[in-house]
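An overview of the molecular structure
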Amino acid sequence: MDQQKIHGMDLYEELNPKTFRTVGHNVRKVDGLGLACGLPAFVDDETFPHLLHARLLTSPHAHARIRSIDTTAAEAVEGVVCILHAFNTEPIRHTTAGQGYPEPSPYDTVMFDTKVRHVGDKVAVVAAETEAAAVEAVRKIRVDYEILPAVFDPEEAISGEAPVIHDEEDFSGVLGSDPKRNLAAGIEAELGKIDEALQECAVVAEGRYDLGYAQHCPLEPHSCISYLDENDRLVIKTATQVPFHARRITAQVLKKNIRDIRVIKPRVGGGFGAKQEVILEYICGAVTLRTGRPCRLVMTRTEEFITARTRHPHIVKISVGADKDGMIRAIKMDALSNTGAYGSHGLTVVCNAGSKTLPLYNKTKAVYFRARAAYTNLPVGGAYRGYGGTQGYFALECAVDELAEKLGMDPIEIRKKNHIREGEGSPVFAVLGEGKEGIEQTLKSCELDACLDRGAEAFGWHEKRKRPPDEGPVKRGIGMCALMQGSGIPEIDMAAATLRMNEDGSFQLRVGATDIGTGSDTVLAQIAAEALTVPVEKIQVVSSDTDHTPFDVGAYASSTTYISGGAVKRAAYKMRDLVASIAGEMLNLPSEKIHLADGKAVSEDGKSLPFDKIALRAYYSQNQQHPITSASFYSPESPPPFAAHFAEVAVDTETGQIKVLDYVAAVDCGVAIHPRLAEGQAEGAVLNGISYALTEEYVFDGNGRMVNSSFSDYKIFSMRDLPPIRTILVDSFEPSGPFGAKSIAEININGPIPAIANAVYDAVGIRLKRIPFTPESVLAALEERG
C-alpha cells in the first residue's frame, strides 16, 4: 500500500484498525467516575435562589373546546406567583419535533390552546413558591369544557366520517397533510409494476401486522430549569437530545431572538427519542420571562406516559413474493401510523417504516410503498429508538420467514440470496428518504453474510433446527431476522467541532453533540485522541451548550458517532497540520516532513518536540497564536449498519407464556470506537425490543384515558427479566466513517419482535401478528389454530 501521508498520518495506519491506539479500545468513560459517585449532574440536581416550582394542568377529556378558565381560587393559594393558559399567552403555531429546519412535521401545536385533543393535553401551568402550592393550585383551576366527539382508531379517523381533530385555520401541513380527513402526512411510491410482479411470483406471503403504543421510560423524566442571566438573557437547562433545535423552537414560540436564548444540556438520564421533543422549554421560559424568576418544571411519571411522547402505533400490511428459487421479486408495503393528537415526527417515522427496510432486499422487480400518518384523540407519537424501522421490520421479516417455509428453505439461506451487498445500491434509496425523496447510495461496507454466519454458529442454529419436537406442554422454537438501518440523515444532518490546544499540550474538544447516557463524549474524545496521537486523558470534552459549543443537530437518527465523529476527525486533522506547522518552524523544516506520534511532533531524521513545548512556543514565543481549529461535517450518504438476530423461546401451551431462552445479535457497525459501549448499546436495544414484543402495552378506557400510566401497571423488562443476550461485533470498515465507524444505537431494537414471532411459529405453529405477544394472545391463537 502507498505510504503517502494525509495530514501527517500514514494512510495505511488509518485504514488498518490493528494500528489504532485509542479507537477500538475500552477506555474509561470520561464522565464515568462522577456518575458512579452520584455527583450532582442532572437538571433536577440544580437549585437557585427564589426558584419557582411549576406544575402542569392537563386535560381530562380526549376532545373538547375550552370555553373559559377560572383561576380565581388557584391564585388565592398561598405562594402562587404565575398561572399561564390559552387566554393569557399568544398562540404561536409550531411543531414540538426537534428536527432540522424546515421541520418535516406539521405546525399544528401552540403552547396552550383553546382546544384539547387528547387526555393529557396541556391546559395551563402554575408556578409557585413550593411544589405543594403549585399542586394545590392546579387542582383549584376551573375549566369549562365543551365536550366534542372523539376518534381513537386510525383507520376510522381517516375514513372521512370521523370528527375533524385539527380544524384551526392557521394549520400548516407537510407532504400528504389533509387535516379535514385527519391525515397528518403521507407519501406513495412505486418502482416497477407491483401487481404484475406479485402475480408472476411462485409464492407470496401476506399479512397485517399491528404494533401498539410504547413509552420510552427513561429513568429521568422531562426536566427543565430556566432563569435570566446577568444580561437578562434567557438560560434554559434542560434534559434534551437537541439543544440547538430546542433553542430555535423556544425562540419561535416566545418570539425572542435566538441570540437572546442559551440552552444547556447537563447529564441526561436516558432519552431513547423521547427528549428529541421540545415540550417544557418554552413553558418554563415563559414563566421566567413573565416573573423574572428561575423556574423548575419536571414531568410526573404519568405525564411522561400521556403528555410527553410515545412510539407511533402502526398497522403494516405487506405482500412479499418470490420465484421458485427463492429470489424475492416483489414487496408491497402499506403503513398506517397513529400519530395521536399532533403530527410530531408523523411523516418521517412512517416513511422510515419503508425507507429503512425495503432496501435490504434489492433484487426485486417491483416495490410499492404507501405511508400515512393519521391523527387520533390519543397520546402523541414522537421519535423512539428504531424510528419506524421497528414497525416495518416486524412485517417484512415475518413475511420473509413465511416465504422461506413455503419454499422449504432455511431462513438464513433466503436472506443470503437476497440481501444487499457491498458495492450495490437500491432504487429505494433515491425514492424514499425521511419525509422526502432520498439520496442514491452505493454501499462501501456490508458484512451481513458474516453476521448471519457468526450469529448462527454462536447460537447453534443448524444444530437446534435438527432437534426433535419437545414432549409436554412447553415447546421450544428458534427464529431469526436480518436488519439494516442508517447513520444519520444524508445531506441534512450536520455537526461541527472545535479543538483548542492547551499550554500543557493537552486539548479541549468542544462539540454540540449530545451525550444522553450513550457515551458519545467518550467516543468523540477517542476519535480526537486517535488523530492527535494522545491518550484520551489529554482530551477535555465540553459539550452541548449553545453559547459555548459549535452547532450539532443532536442525538438522533443514529448520527452521533458518524456525523459528529466526522466533524471531530476533520477538526483533529486540521489540528495535526497546525501542530506540524508550528513544530516545523521550531525545527526549521517544512511541515510536510513532520508527523505526529505519541504526543510529539517527529521529523524524518528522528528529532522530536513534545506537544507542551510546541504549545508554549505558540502561546508566548514567536508567531504567537492560539492553536485552535474547527470543522463541520455532513454526509451525502448514510452507511447502514447490519445485523442478524437469533432468538430461542419456550412457549407454554397451557398458560400461553413466552420465555426467551437465548438471544444472539451479530452486528456490523464498522469499527466499534469503544467496543464495550457498543455492546452495551446493542444489548440495551435488544432488551428494549424484547420488552416491547412481550409486555409493553397502553390500556385505554372508552374515553381515551390511559388506565395503566405507572410502572406498577405498565410492565417493562428490568434486569430481573433479562434473558441471556450475546452480542457479536463483526469486523468491517466503513471508508466514509471516522476511523471506519458506522452507527449501532438503533438497529438492534428492530430485531426482537420478528425474531421472537418467528421462533414462536417454529415452536407451536402460530404466527403472531400483533404485539405484545401476551399469554392471552398466544392462547387465543392456539385455540384458533385448533
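Residues numbered from 1 in each chain as written. Predicted model: local features only at pLDDT ≥ 70, side-chain atom pairs only at ≥ 80, totals over all residues. Heavy atoms only, no water.

This next bit is on the overall build of the protein. Helix and strand counts for the protein come out as 21 helices and 28 strands. Here the C-alpha radius of gyration of the protein, 27 Å, is about what a compact globule of 786 residues would show, namely 28 Å. Reported as C-alpha extents along the three principal axes, the dimensions of the protein are approximately 85 × 75 × 45 Å. Expressed as a percentage of its 786 residues, the buried residues of the protein come to 63%. By sequence separation, contacts in the protein at least 24 residues apart represent 80% of the contacts at least 6 residues apart. A total accessible area of about 28,800 Å² is found for the protein, and carbon and sulfur atoms account for 48% of it. Within the protein, the 105 negative side-chain charges are centred at a point lying 2 Å from the centre of the 83 positive side-chain charges. (Helix = DSSP H or I, 4+ residues; strand = E, 2+ residues; numbered from the N terminus. Rg over C-alpha atoms; globule rule 2.2 N^0.38 Å. Buried < 20%, exposed > 50% of the residue type's maximum accessible area, 1.4 Å probe, protein only. Contact = heavy atoms within 4.5 Å. Areas by Shrake-Rupley, 256 points an atom, 1.4 Å probe, with all protein chains shown as cover. Lys, Arg positive; Asp, Glu negative; His and termini not counted. Charge placed at Lys NZ, Arg CZ, Asp CG, Glu CD.)

Membership of the largest hydrophobic core comes to 121 residues, with the highest contact counts inside it found for I658, I756 and F773. Residues in contact with I658, not counting those within four places in the same chain, are V649, A650, V651, L694, I756, V760, L768, F773 and V778. A525, I539, M575 and V671 belong to the second-largest nonpolar core, a separate cluster that totals 52 residues. (Core = buried A, V, L, I, M, F, W, Y, C linked by side-chain atoms within 4.5 Å.)

Counting through the fold element by element, T774 comes out in the loop between α20 (752-764) and α21 (775-785). Accessibility expressed as a relative area gives 16% for T774, which makes it buried. Ignoring anything within four residues of it in the chain, the contact list for T774 reads G656, L694 and E697.

Right, let's talk about helix α17 (residues 560-587) for a bit. In an α-helix, one turn spans 3.6 residues; hence positions three or four apart end up facing the same way. Taking 1.5 Å per residue as the helical rise, α17 with its 28 residues ought to reach 40 Å, and the 38 Å between its terminal C-alpha atoms agrees with that figure. Along α17, the helix axis deviates most sharply at G566, where the bend reaches about 25°. The buried fraction of α17 is high, at 21 of 28 residues. The first or second residue beyond α17 is N588, which carries a positive phi of 55°. (Expected span 1.5 Å × (residues − 1). Bend = angle between axes of the 7 residues up to and from the residue.)

For the coordinates displayed, the defined rule picks out 19 aromatic pairs. Seen in terms of ring centroids, Y209 and F394 are 5.0 Å apart; in terms of plane orientation they differ by 70°. Their pairing is edge-to-face. With Y209 in strand β10 (residues 203-211) and F394 in helix α11 (residues 389-407), the pair connects residues that are 185 residues apart, well separated along the chain. Given the relative accessible area of 1%, Y209 is considered buried. Judged by its relative accessible area of 0%, F394 falls in the buried class. Aromatic ring contacts, followed pair by pair, group Y213, F305, Y698, F700, F711 and Y714 into a single cluster. (Phe/Tyr/Trp six-rings, centres within 6.5 Å; stacked < 30°, edge-to-face > 60°.)

Our focus in this paragraph is the environment of G438. With respect to the helices, strands and loops of the structure, G438 is situated in the loop between α13 (427-431) and α14 (448-459). On the accessibility criterion, G438 (18% relative accessible area) is buried. Separated by 166 residues in the primary sequence, G438 and F272 have C-alpha atoms spaced 24 Å apart. Ignoring anything within four residues of it in the chain, the contact list for G438 reads F429, A430, V431, L432 and G433.

So, about the pairing of strand β15 (residues 314-322). For β15, a buried count of 8 out of 9 residues is recorded, marking the element as mostly surrounded by other parts of the structure. In this structure, β10 lies alongside β15, joined through 9 bridges in antiparallel fashion. Among the inter-strand pairings, V204 is bridged to a residue of β15, identified as G321. In this structure, β15 lies alongside strand β16 (residues 328-340), joined through 9 bridges in antiparallel fashion. Paired with V316 across the two strands is A335, which belongs to β16. Counting the residues in the hairpin turn of β15 and β16 gives 5 residues, including G326, whose phi is positive at 90°. (Pairing = 2+ DSSP bridges.)

Right, let's get into the packing of helix α19 (residues 675-694) against α20. Packing of α19 against α20 brings their axes to within 8 Å, and their N-to-C directions diverge by 55°. Classified by the angle between their axes, α19 and α20 sit oblique to one another. Seen from above, α19 lies across α20 with right-handed handedness. Across the interface between the two elements, V686, G689, I690, Y692, A693 and L694 of α19 pack against P752, I753 and I756 of α20. Here the contact of α19 with α20 is built from residues that sort into 8 nonpolar, 1 polar and no charged. (Axes fitted to C-alpha atoms, helices over the stretch in contact; angles between N-to-C directions. Parallel < 35°, antiparallel > 145°, perpendicular 65-115°, else oblique. Left-handed = near helix turned anticlockwise from the far one by under 90°. Nonpolar A, V, L, I, M, F, W, Y, C, P; charged D, E, K, R; others polar.)

Our next topic: the confidence of the model for the protein. Note that predicted coordinates carrying low pLDDT should not be read in detail. Scored by pLDDT, the protein has a mean of 96; 98% of the residues are at 70 or more. Here residues 1-13 scores under 50 on pLDDT; set against residues more than four positions off or in separate chains, the count is 27 contacts. (pLDDT = per-residue confidence, 0-100.)

Quick look at the sheet that holds strand β4 (residues 64-70) now. With antiparallel pairing, 3 strands are arranged side by side in an open sheet as β6-β4-β8. Unpaired on one side and paired on the other, β6 (115-116) and β8 (142-147) mark the two borders of the sheet. Pairing geometry for β4 and β8, over 6 bridges, is antiparallel. When the sheet's bridge partners are listed, S68 is paired in β8 with D144.

Glancing now at the pattern of salt bridges. In this structure the tally under the stated criterion is 56 salt bridges. R767 is the salt-bridge partner of E405, the closest N and O atoms lying 3.5 Å from each other. Of this pair, E405 sits in helix α11 while R767 sits in the loop between α20 and α21, and the two are 362 residues apart along the sequence. By relative accessible area, which is 22% here, R767 ends up partly exposed. Between R465 and D410 there is a salt bridge, with its nearest N and O atoms 3.3 Å apart. Of this pair, R465 sits in helix α15 (residues 461-465) while D410 sits in the loop between α11 and α12 (411-418), placing them 55 residues apart in sequence. One network of salt bridges, in which partners are shared, links E397, D401, E402, E405, R415 and R767. (Salt bridge = Lys/Arg side-chain N within 4 Å of Asp/Glu carboxyl O.)

Taking 1.5 Å per residue as the helical rise, helix α16 (residues 520-532) with its 13 residues ought to reach 18 Å, and the 18 Å between its terminal C-alpha atoms agrees with that figure. Along α16, 13 of the 13 residues are buried, which leaves the element largely enclosed by surrounding structure.

Mapped onto the secondary structure, R93 falls in the loop between β5 (80-85) and β6. In sequence terms R93 and L694 are 601 residues apart; their C-alpha atoms lie 38 Å from each other. Apart from the residues within four sequence positions on either side, R93 is in contact with Y107, D108, T109, V110, D113, E168, D170 and Q252. A distance of 3.1 Å separates the side chain of R93 from the side chain of D170, its partner in a polar contact. (Polar contact = N/O pair within 3.5 Å; in protein donor to acceptor, adjacent residues only side chain to side chain.)

Okay, the sheet that holds strand β22 (residues 594-597) next. Strand order in the open sheet formed by 3 strands is β22-β23-β24, with antiparallel pairing between adjacent strands. Each of the sheet's edge strands pairs with one partner strand only, and the pair in question is β22 and β24 (608-610). Sheet twist, expressed as the mean angle between neighbouring strand axes with direction ignored, is 25°. Bridge count for β22 against strand β23 (residues 600-603) is 4 bridges, and the pairing is antiparallel. Of the residues in β23, the one forming a bridge with L596 is A601. Packed onto the sheet, α17 meets β22, β23 and β24 and runs at close to 120° relative to β22.

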